[in-house]
Amino acid sequence: MDGFKRLIGVEEKEPTLMDQINDQFSLSIRQRAIGFVVCCGLGLLLDFLGFLFFLSPTTFALFYTLGNILAIVSTGFVVGPFKQLKNMMKPTRIICAVVFVSSMVLTLVAVFKGWPVIVVIIFIIFQFCALLYYCFSYIPYGRQCLRGICGNLVAV
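Everything quoted here is computed from the prediction, not taken from an experiment. (Residues numbered from 1 in each chain as written. Predicted model: local features only at pLDDT ≥ 70, side-chain atom pairs only at ≥ 80, totals over all residues. Heavy atoms only, no water.)

Draft legend 1. Local environment of helix 7 (residues 117–136). In this model, helix 7 (20 residues) spans 29 Å end to end at C-alpha, consistent with the 28 Å of a helix rising 1.5 Å per residue. Those residues of helix 7 that fall on the buried side of the exposure criterion are Val120, Phe123, Ile124, Gln127, Ala130, Leu131 and Tyr134. Looking down the long axis of helix 7, one finds its buried residues gathered within 135° of arc, a one-sided arrangement. Away from the buried face of helix 7 by more than 90 degrees, exposed residues Ile118 and Ile125 are located. Residues of helix 7 that are buried in the fold lie against helix 4 (57–79), helix 5 (81–88) and helix 6 (94–113). (Helix = DSSP H or I, 4+ residues; strand = E, 2+ residues; numbered from the N terminus. Expected span 1.5 Å × (residues − 1). Buried < 20%, exposed > 50% of the residue type's maximum accessible area, 1.4 Å probe, protein only. Arc of directions from axis to C-beta. Contact = heavy atoms within 4.5 Å.)

Draft legend 2. Looking closely at the environment of Phe112. Along the chain, Phe112 falls in helix 6. With relative accessibility at 63%, the residue Phe112 sits in the exposed group. A C-alpha to C-alpha distance of 8.8 Å links Phe112 and Thr58, two positions 54 residues apart in sequence.

Draft legend 3. Main features of the packing of helix 4 against helix 6. With their axes 9 Å apart at the nearest point, helix 4 and helix 6 run at an angle of 145° to one another. Crossing hand, helix 4 versus helix 6: left-handed. Taking contact as the criterion, the partners of Thr58, Ala61, Leu62, Thr65, Asn68, Ile69 and Ile72 in helix 4 are, on helix 6, Phe100, Met104, Thr107, Leu108, Val111 and Phe112. Taken together, the residues of the contact of helix 4 with helix 6 sort by class into nine nonpolar, four polar and no charged. (Axes fitted to C-alpha atoms, helices over the stretch in contact; angles between N-to-C directions. Left-handed = near helix turned anticlockwise from the far one by under 90°. Nonpolar A, V, L, I, M, F, W, Y, C, P; charged D, E, K, R; others polar.)

Draft legend 4. Region of interest: the packing of aromatic side chains. Scanning the model with the defined rule gives eight aromatic pairs in all. On the basis of an interplanar angle of 45° and a centroid distance of 6.2 Å, the ring pair of Trp115 and Phe123 is categorised as tilted. Under the relative-accessibility criterion, Phe123 is labelled buried at 15%. Grouping aromatic residues by their ring pairs yields a cluster made of Phe51, Phe54, Phe60 and Tyr64. Sitting above the plane of the Tyr138 ring, Arg93 keeps its charged end 3.7 Å from the centroid. (Phe/Tyr/Trp six-rings, centres within 6.5 Å; stacked < 30°, edge-to-face > 60°. Lys NZ or Arg CZ within 6 Å of the ring centre and 35° of its normal.)

Draft legend 5. Examining the nonpolar core more closely. Core analysis: the largest hydrophobic core is formed by 17 residues, its most contacted members being Ala61, Phe100, Val120, Ile124 and Tyr134. Looking at this core, the elements that each hand over two or more residues are helix 4, helix 6 and helix 7. Apart from residues lying up to four places away in sequence, Phe100 is in contact with Asn68, Ile72, Gln127, Ala130, Leu131 and Tyr134. (Core = buried A, V, L, I, M, F, W, Y, C linked by side-chain atoms within 4.5 Å.)

Draft legend 6. Spatial organisation of the side chain of Gln127. Its place among the elements puts Gln127 in helix 7. Gln127 gets classed as buried once you look at its relative accessible area, which sits at 0%. Those residues in contact with Gln127, other than ones at most four positions away along the chain, are Tyr64, Thr65, Asn68, Phe100, Ser103, Met104 and Thr107.

Draft legend 7. View of the environment of Val105. Considering the arrangement of structural elements, one finds Val105 in helix 6. Exposure remark for Val105: the relative accessible area of 46% places this residue in the partly exposed category.

Draft legend 8. Here's a closer look at a nonpolar patch on the surface. Taken together, Ile34, Val38, Leu42, Leu45, Phe48, Leu52 and Phe53 make up a surface patch of nonpolar side chains, about 660 Å² in accessible area. A relative accessible area of 41% means that Ile34 is categorised as partly exposed. (Patch = residues over 30% accessible without salt bridge, like charges linked within 9 Å, V, L, I, M, F, W, Y side chains within 5 Å. Areas by Shrake-Rupley, 256 points an atom, 1.4 Å probe, with all protein chains shown as cover. Salt bridge = Lys/Arg side-chain N within 4 Å of Asp/Glu carboxyl O.)

Draft legend 9. Structural view of the side chain of Thr107. Structurally, Thr107 can be placed in helix 6. Of note is the side chain of Thr107, whose polar atom sits 2.7 Å from the backbone oxygen of Ser103. Among the polar contacts listed, one links the side chain of Thr107 to the backbone oxygen of Phe123, at a separation of 3.5 Å. Once residues within four sequence positions are removed from consideration, Thr107 is found in contact with Ala61, Thr65, Phe123, Ile124 and Gln127. (Polar contact = N/O pair within 3.5 Å; in protein donor to acceptor, adjacent residues only side chain to side chain.)

Right under this line is the structure:
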């Protein structure tokens, strides 16, 4: 086959490192669905468990943050890890994504370093708002609607 391709003048380009990595992550539709359901299910379970520990802010923050991480990973199963990162790095979404990921990191640091509970609570609220804004970035005109809703709530 290679001789035939050279004969008609078609050259195969050498696969790049990104192509090789992408080949390692290729999953069937069934595997993607299973990965999505498992990660999303575990994420929702952790979020639910977090709400059971609502009166313990550090435990709630840990479960809530891990649930959000699994939710992001679950969507990576649907579209693929590189496409997920590309979507997160689009100019219209990069600020939302960076703020959301940073809020999760800060929450986990506050929990594991034993920072004061008020700081953990502030990071939980920050993370929730960042998640909401990040989710609305996928909806056309969603962020503008969210800003309008929040503006009306504050004005009251």
